[in-house]
Amino acid sequence: MDRRTVLAGAAAIGASALTAGVVPGGPVASASAGTSGSWRAGLARLHEAMAARVARRELPGIVYLVAHRGLLHVNTIGTLTLDGHDPMRRSTPFRMASMTKPIIAAATMMLVEEGRLALDEPVDRLLPELANRRVLTRIDGPLDQTVPAARPITVEDLLTFRMGHGMIFGPSFQPPYPIITAADELQLVMGRPDPGTPHDPDEWIRRYGTLPLMYQPGQRWQYNTGSLVLGVLIARAAREPLERLLRKRVFRPLGMNHTGFSLSRADASRLPGLYMTNPQTGQLELQPSSRPEEWTRPPAFPSGAGGLASTIDDYLAFSRFLLNQGVHHGRRLLSAESIRLLTTNHLTPQQLADAGPFPLTGRGWGYGMAVSVTPDEVSQPGRYGWEGGYGTSWFNDPHRDLTAIAMTQTVDFWSNGVYDEFQRLAAAVDTPR
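Residues numbered from 1 in each chain as written. Predicted model: local features only at pLDDT ≥ 70, side-chain atom pairs only at ≥ 80, totals over all residues. Heavy atoms only, no water.

Q: Requested: an account of the overall build of the chain, with residues and values cited.
A: The helix and strand inventory of the chain stands at 13 helices and 16 strands. Computed over its C-alpha atoms, the radius of gyration of the chain comes to 21 Å, within 12% of the 22 Å expected for a compact globule of 433 residues. Each principal axis of the C-alpha distribution contributes one length, and for the chain these read about 65 × 50 × 40 Å. If you sum the accessible surface of the chain, you get close to 16600 Å²; carbon and sulfur atoms cover 52% of it. The distance from the centre of the 43 positive side-chain charges to the centre of the 40 negative ones in the chain is 4 Å. (Helix = DSSP H or I, 4+ residues; strand = E, 2+ residues; numbered from the N terminus. Rg over C-alpha atoms; globule rule 2.2 N^0.38 Å. Areas by Shrake-Rupley, 256 points an atom, 1.4 Å probe, with all protein chains shown as cover. Lys, Arg positive; Asp, Glu negative; His and termini not counted. Charge placed at Lys NZ, Arg CZ, Asp CG, Glu CD.)

Q: Hey, could you go over the side chain of N75 for me, with residue numbers and the actual values?
A: Mapped onto the elements of the fold, N75 is located in strand β3 (residues 71-78). By relative accessible area, N75 is classed as buried at 2%. Side-chain polar atoms of N75 contact the side chain of H47, separated by 2.8 Å. Only 2.8 Å separates the side chain of N75 from the side chain of Y64, close enough to count as a polar contact. (Buried < 20%, exposed > 50% of the residue type's maximum accessible area, 1.4 Å probe, protein only. Polar contact = N/O pair within 3.5 Å; in protein donor to acceptor, adjacent residues only side chain to side chain.)

Q: I'd love a proper account of the packing of helix α6 (residues 201-208) against helix α7 (residues 225-238), names of residues and values included.
A: Taken N-terminus to C-terminus, the directions of α6 and α7 make an angle of 130 degrees; their axes are 11 Å apart at the nearest point. Viewed along their axes, α6 and α7 adopt a mutual orientation that is oblique. Between α6 and α7 the crossing geometry is left-handed. Contacts between α6 and α7 involve P201, D202, W204, I205 and Y208 from the former and T225, L228, V229, V232 and R236 from the latter. Among the residues forming the contact of α6 with α7, the class breakdown is 7 nonpolar, 1 polar and 2 charged. (Axes fitted to C-alpha atoms, helices over the stretch in contact; angles between N-to-C directions. Parallel < 35°, antiparallel > 145°, perpendicular 65-115°, else oblique. Left-handed = near helix turned anticlockwise from the far one by under 90°. Contact = heavy atoms within 4.5 Å. Nonpolar A, V, L, I, M, F, W, Y, C, P; charged D, E, K, R; others polar.)

Q: Can you break down unusual backbone geometry residue by residue, with the values?
A: When glycine is set aside, most residues are seen to have a negative phi, and most peptide bonds are trans. Between D194 and the following residue, P195, the backbone shows a cis peptide bond with an omega angle of -5 degrees. Looking at the element boundaries, P195 is found in the loop between α5 (178-185) and α6. In this model, F358 is joined to P359 through a cis peptide bond whose omega is 10 degrees. By the element assignment, P359 lies in the loop between α12 (349-355) and β12 (364-365). One non-glycine residue, D83, adopts positive backbone phi at about 60 degrees.

Q: Please give an account of the nonpolar core that cites residues and values.
A: Within the largest apolar cluster, 89 residues are counted, with the highest numbers of intra-cluster contacts made by W204, Y208, F318, F321 and L342. Once you skip the residues sitting within four places of it in the chain, W204 turns out to touch L188, M190, T197, H199, L228, V229, V232 and F301. In this structure, W39, Y64, V418 and A427 belong to the second largest nonpolar core, which totals 27 residues. (Core = buried A, V, L, I, M, F, W, Y, C linked by side-chain atoms within 4.5 Å.)

Q: Can you lay out the pairing of strand β2 (residues 61-68) for me, pointing to particular residues and giving the numbers?
A: By the criterion of burial, β2 is predominantly enclosed, with 8 of the 8 residues buried. Of the two faces of β2, the one carrying G61, V63, L65 and A67 and the one carrying I62, Y64, V66 and H68 are both buried. In the sheet, β2 pairs with β3 via 8 bridges, with the strands oriented antiparallel. Bridge assignment links V66 to a residue of β3, and that residue is H73. Between β2 and the antiparallel strand that follows it, β3, lie 2 residues; R69 among them carries a positive phi value of about 50 degrees. The pairing of β2 with strand β16 (residues 402-407) spans 6 bridges and is classified as antiparallel. If you follow A67 over to β16, its bridge partner there is T403. (Pairing = 2+ DSSP bridges.)

Q: Report on the UniProt feature "domain: Beta-lactamase-related" (unreviewed entry) in the chain, specifying residues and quantitative values.
A: In the numbering used here, UniProt assigns the "domain: Beta-lactamase-related" (unreviewed entry) feature to residues 49-416. Between the C-alpha atoms that bound residues 49-416 there is a distance of 13 Å. The span itself is 27% helix and 15% strand. (UniProt positions renumbered as here; feature names shortened; annotations may be inferred.)

Q: Which residues make up the packing of aromatic side chains, and what values do they have?
A: Taken as a whole and assessed by the stated rule, the structure comprises 22 aromatic pairs. Ring geometry for W204 versus Y208: centroids 5.4 Å apart, planes at 10 degrees, classification stacked. Remark: Y208 and W204 occur in helix α6; sequence separation between them is 4 residues, near one turn of the helix. Centre to centre, the rings of F413 and W414 are 5.0 Å apart; their planes meet at 85 degrees, and the pair counts as edge-to-face. Just as F413 is buried, W414 falls in that class too. An aromatic cluster is built from F161, F169, F173, W221, Y223, F358, W365 and W386, whose rings are joined through pairwise contacts. Over the aromatic face of F395 sits the side chain of R383, whose NZ or CZ is 5.8 Å from the ring centroid. (Phe/Tyr/Trp six-rings, centres within 6.5 Å; stacked < 30°, edge-to-face > 60°. Lys NZ or Arg CZ within 6 Å of the ring centre and 35° of its normal.)

Q: So what's going on with α6? Residues and values would help.
A: When α6 is considered as a whole, its buried residues turn out to be W204, I205 and Y208. The buried side chains of α6 occupy one side of the element, clustering within an arc of 90 degrees when seen end-on. Against the buried residues of α6 lie α7. The N-cap residue of α6 is D200: its side-chain oxygen and the backbone nitrogen of D202 are 3.2 Å apart. (Arc of directions from axis to C-beta.)

Q: Pulling in residues and values, what's your account of the packing of helix α2 (residues 37-55) against helix α13 (residues 418-428)?
A: Axis separation between α2 and α13 bottoms out at 9 Å; the angle between their running directions is 170 degrees. With respect to their mutual orientation, α2 and α13 come out roughly antiparallel. Residues R45, L46, A49, M50 and R53 of α2 lie in contact with α13, whose contacting residues are V418, E421, F422, L425 and A426. Here the residues of the contact of α2 with α13 sort into 7 nonpolar, no polar and 3 charged.

Q: Provide a residue-level description of the side chain of R95, including the pertinent values.
A: For R95, the position within the fold is in strand β4 (residues 94-95). Buried within the structure, R95 lacks any salt-bridge partner; D194 is the closest side chain of opposite charge, at an N-O distance of 5.7 Å. Here the side chain of R95 touches S290 through a polar contact of 2.8 Å, side chain to side chain. Beyond its immediate stretch of four places on either side in the chain, R95 contacts L271, P272, G273, L274, S290, P292, W295, L308, A309, Y390, T392 and Q409. (Salt bridge = Lys/Arg side-chain N within 4 Å of Asp/Glu carboxyl O.)

Q: Go over the environment of L334 with me, naming the residues and quoting the values.
A: By the element assignment, L334 lies in the loop between β11 (331-332) and α11 (336-342). Classification of L334 by relative accessible area gives buried; the value is 1%. Each C-alpha atom of the pair L334 and T100 lies 18 Å from the other, and the pair is 234 residues apart in sequence.

As structure tokens, this is what we get:
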């Protein structure tokens, strides 16, 4: 099964601009005079590759950036829609999908540091709906064939996606097992972000609590559900709605003024079209879900797994906050130890093997994000970040002080080679030491 098939279930070159200046937390720098030829040549290769993809109509447009040792390059190519006239801009908002997960994880660690949560505590205190869990005797079995959970689900289980429930990628994507069909009948929306569940967080967790787990807590890595539950948990821990919690603890302190579960009418009107290739015609087609007008009102369930929209500069602020070990503009928002926990692999070799080839693709998992554990064509071990199924990606390489972010709204970003090419070329950009 290819990436497009999985993410579809889960989820004319325009004006081009180059800017250079201050990376948040870094020194003033210029990407022109005084910069090494390798920096300029690397950026040229990256631009040429991305512009060619847009010219071949593999995606309407893209906004991307590379930040390295204090230098920042931002490029915009193409338009918001195929055959449209409105160009991609640096300020364009994007549906972040699963790039929501690292933000939720960071907010969780802020509450841990305040003593509102503990990593090893059972979630039952705040989520009594998940007390006394039962576990399926086999993943494809009837819902009434269960055994008691060996232990409660902990906060860390949610962060590491080892809570015992998640998406199934093999032997097929979300096969019609009873546990999958029951979640569908309950309208829990366990996979793709849109259309969202109609239930508010309390009703959602009540319904979810009627289902057994797929595996014992701590046994296995499984994608997505941990962040859905985590969003409900941390809102209860903070005693305020998730949107307000994130705005107070993350967005406002980091200056992420265009990030949220909903957007102003003006920002929503600038969302790019959401595209995916029709397998029958081979052509990109505008998708009917996640329309701009839907983003002008708060969702019933603010999804900690994939509900945020953001801009490239907002997400850069978040990524630099992590790269700067929890400090933003001289103010410490999170301890270096919490950053280490967020960005360090927590999976055992067996759990990595059981996770299968997708979506980790050989990487490990920290808290809410992937962590590279072996050398690859992008970096040495230690690179961390994540992707969004609607065509966004981000990584930090702390060993090289390198950040790369790409934003499109084309699901085929994963299957047509753009993602791999962007990561490889962005990682090859270099600056003088």
